[in-house]
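As a plain string of letters, each chain reads:
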Amino acid sequence: MILPAFALIFGLLLLVWSADRFVDGAAATARYAGMPPLLIGIVVIGFGTSAPELVVSAISSLQGNPGLALGNAYGSNISNIALILGLTAFISPITVKSGVLRRELPILLGVTILGAALLLDLTLSRFDSCVLLLVFTVVMGWSIWNGLKQRQDSLGVDVDDMLDKNPMSRQSALVWLLVGMCLLVVSSRVLVWGAVEIARGFGVSDLIIGLTVVAIGTSLPELASALAAIRKGEHDLAIGNVIGSNLFNTLAVVGLAGAIRPLDIGAEVLYRDSLLMGLLTLVLFMVRADKDGEKKISRVDGFLLLIIYLGYSGYLISKVFGLV
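Residues numbered from 1 in each chain as written. Predicted model: local features only at pLDDT ≥ 70, side-chain atom pairs only at ≥ 80, totals over all residues. Heavy atoms only, no water.

A. View of the overall build of the protein chain. The number of helices and strands found in the protein chain is twelve helices and four strands. The globule rule puts the C-alpha radius of gyration for 324 residues at 20 Å, and the 19 Å found for the protein chain is close to it. Reported as C-alpha extents along the three principal axes, the dimensions of the protein chain are approximately 50 × 45 × 40 Å. Expressed as a percentage of its 324 residues, the buried residues of the protein chain come to 56%. (Helix = DSSP H or I, 4+ residues; strand = E, 2+ residues; numbered from the N terminus. Rg over C-alpha atoms; globule rule 2.2 N^0.38 Å. Buried < 20%, exposed > 50% of the residue type's maximum accessible area, 1.4 Å probe, protein only.)

What follows is the structure, encoded as structure tokens:
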């Protein structure tokens, strides 16, 4: 088990580093191409931070481990809200000023319900996957149209500030875009192999491995981005990463995995993982507004989200050791 454990750890570290380089290169390249800052924030950064989940899930499905693919996507969504937003808000309360993000929250809730509804028959068929990918195409089109139409938004200001503070030449941007993309594939293959071998060695389902170790690992780019953004006061960028990532995971990542290899799912995916993901999204949607009418995730909210995540993770770990 030493080699698989090393592959898992090395794959995770390389995956996080390459994802960071990929997103930085993609954002800088998009800016040189004349893309508006708001559009970069919504499409390139929001969806780009989910590149690890997409590559890992695609490789998992291709290699016959669809449970790992689904667990990675759903586990990452749970980690994004409960762990990343919880930890970030606990450190510094998050205020959502962006009008675009407020409009995306109901969309995220809707696609989360859609994803659960398609799994009610306990299968993810190619038809289900096509529905998810079609909805993703519509959401992407709406996001691009919205980003081009509404250029003035606090999210766009945050993105501009981020790019100004981390300047990159055109050549460097293209190099890191390509290098990051290639390393994402390499690190994902190493990570998936290590995760599958460990799961087999301990007799654990690849779904559980995907929901825990792999999900946390592929969510690290979002965590790093959120902590960096909140430290600089870029609150909309922090929550925008999470909303964009969860939209991408629910629609594109699950959709692509199912299109590659349809899968049967256990009932626990519905009543445990999908249900928790939906409830967390509903909580995020119902975050109360402050006296200025702006949605705010307080330190108390962040603490409660962390407690939920720790409880969920503890339950999964206890199942591994046969305690429940």
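What follows continues from the structure just given.
B. Broad picture of the side chain of Ser57. With respect to the helices and strands, the residue Ser57 is situated in helix H3 (residues 51-62). With residues up to four places along the chain from it excluded, the contact list for Ser57 reads Ala69, Asn72, Ala73, Val253 and Ala257. (Contact = heavy atoms within 4.5 Å.)

C. Representation of helix H12 (residues 299-320). Taking 1.5 Å of rise per residue, the 22 residues of H12 would be expected to cover 32 Å, and the 32 Å separating its terminal C-alpha atoms lies within 8% of that figure. Every buried residue of H12 is listed here: Asp301, Gly302, Leu305, Leu306, Tyr309, Tyr312, Ser313, Leu316 and Ser318. (Expected span 1.5 Å × (residues − 1).)

D. Structural view of the packing of H3 against helix H10 (residues 235-260). Between H3 and H10, the shortest axis-to-axis distance is 9 Å and the interhelical angle comes to 20°. Judged by the inter-axis angle, H3 sits roughly parallel to H10. Classified by chirality, the crossing of H10 by H3 is right-handed. Side by side, H3 and H10 meet where Glu53, Leu54, Ser57, Ala58, Ser61 and Leu62 of the first sit next to Ser245, Phe248, Asn249, Ala252, Val253, Leu256, Ala257 and Ile260 of the second. (Axes fitted to C-alpha atoms, helices over the stretch in contact; angles between N-to-C directions. Parallel < 35°, antiparallel > 145°, perpendicular 65-115°, else oblique. Left-handed = near helix turned anticlockwise from the far one by under 90°.)

E. Region of interest: the environment of Tyr32. Looking at the secondary structure, you find Tyr32 in helix H1 (residues 2-32). Judged by its relative accessible area of 37%, Tyr32 falls in the partly exposed class. On a C-alpha basis, the gap between Tyr32 and Ala259 in space is 34 Å, while along the polypeptide they are 227 residues apart. Leave out the neighbours within four places in its chain, and Tyr32 touches Met168, Ser169 and Arg170.

F. Here's a closer look at a nonpolar patch on the surface. A cluster of nonpolar residues, Phe90, Val300, Phe303, Leu304, Ile307 and Leu310, forms a patch on the protein surface that exposes about 590 Å² of accessible area. It is H12 that contributes the most residues to the nonpolar patch, five residues altogether. (Patch = residues over 30% accessible without salt bridge, like charges linked within 9 Å, V, L, I, M, F, W, Y side chains within 5 Å. Areas by Shrake-Rupley, 256 points an atom, 1.4 Å probe, with all protein chains shown as cover. Salt bridge = Lys/Arg side-chain N within 4 Å of Asp/Glu carboxyl O.)

G. Broad picture of the packing of aromatic side chains. Within this structure, the stated rule accounts for four aromatic pairs. Relative to Trp176, the ring of Trp17 lies with its centre 5.6 Å away and its plane at 80°, an arrangement referred to as edge-to-face. A residue pair is termed long-range when its members are at least 10 positions apart, and Trp17 in helix H1 and Trp176 in helix H8 (residues 170-202) qualify at 159 residues. Residue classification places Trp17 among the partly exposed positions, given a relative accessible area of 42%. Judged by centre distance (6.1 Å) and plane angle (40°), the rings of Phe90 and Phe303 are tilted. Remark: Phe303 occurs in helix H12 and Phe90 occurs in helix H4 (residues 66-91); sequence separation between them is 213 residues. The aromatic ring of Trp176 is capped on one face by Arg21, whose charged end is 5.0 Å from the ring centroid. (Phe/Tyr/Trp six-rings, centres within 6.5 Å; stacked < 30°, edge-to-face > 60°. Lys NZ or Arg CZ within 6 Å of the ring centre and 35° of its normal.)

H. Local environment of the environment of Ser57. Exposure remark for Ser57: the relative accessible area of 0% places this residue in the buried category. Between the alpha carbons of Ser57 and Val43 there is a distance of 20 Å; along the sequence they are 14 residues apart.

I. Representation of the pattern of salt bridges within the structure. Enumeration according to the criterion identifies two salt bridges in this entry. Taking the shortest distance from any N to any O, the salt bridge between Asp24 and Arg21 comes out at 2.9 Å. Here Arg21 and Asp24 lie together in helix H1, a separation of three residues that amounts to about one turn. Here Asp24 falls in the partly exposed class, since its relative accessible area comes to 24%. In this structure Arg21 comes out as buried when scored by relative accessible area, which is 19%. Across the pair Arg272 and Asp273 runs a salt bridge, and its minimum N-O distance is 2.7 Å.

J. Spotlight on the side chain of Ser60. With respect to the helices and strands, Ser60 occurs in helix H3. Exposure remark for Ser60: the relative accessible area of 0% places this residue in the buried category. A polar contact of 2.7 Å, which involves the side chain of Ser60, links it to the backbone oxygen of Val56. Other than its neighbours up to four places away in sequence, Ser60 contacts Asn65, Pro66, Leu68, Ala69 and Val192. (Polar contact = N/O pair within 3.5 Å; in protein donor to acceptor, adjacent residues only side chain to side chain.)

K. Spotlight on the packing of helix H9 (residues 206-231) against H10. Closest axis-to-axis distance for the H9/H10 pair is 7 Å, and the angle between their directions is 160°. Of the possible angle classes, the one that applies to H9 and H10 is roughly antiparallel. Crossing hand, H9 versus H10: left-handed. Here Glu222, Ser225, Ala226, Ala229 and Ile230 of H9 lie close against H10, whose contacting residues are His235, Leu237, Ala238, Asn241 and Ser245. Residue classes in the contact of H9 with H10 are distributed as five nonpolar, four polar and one charged. (Nonpolar A, V, L, I, M, F, W, Y, C, P; charged D, E, K, R; others polar.)

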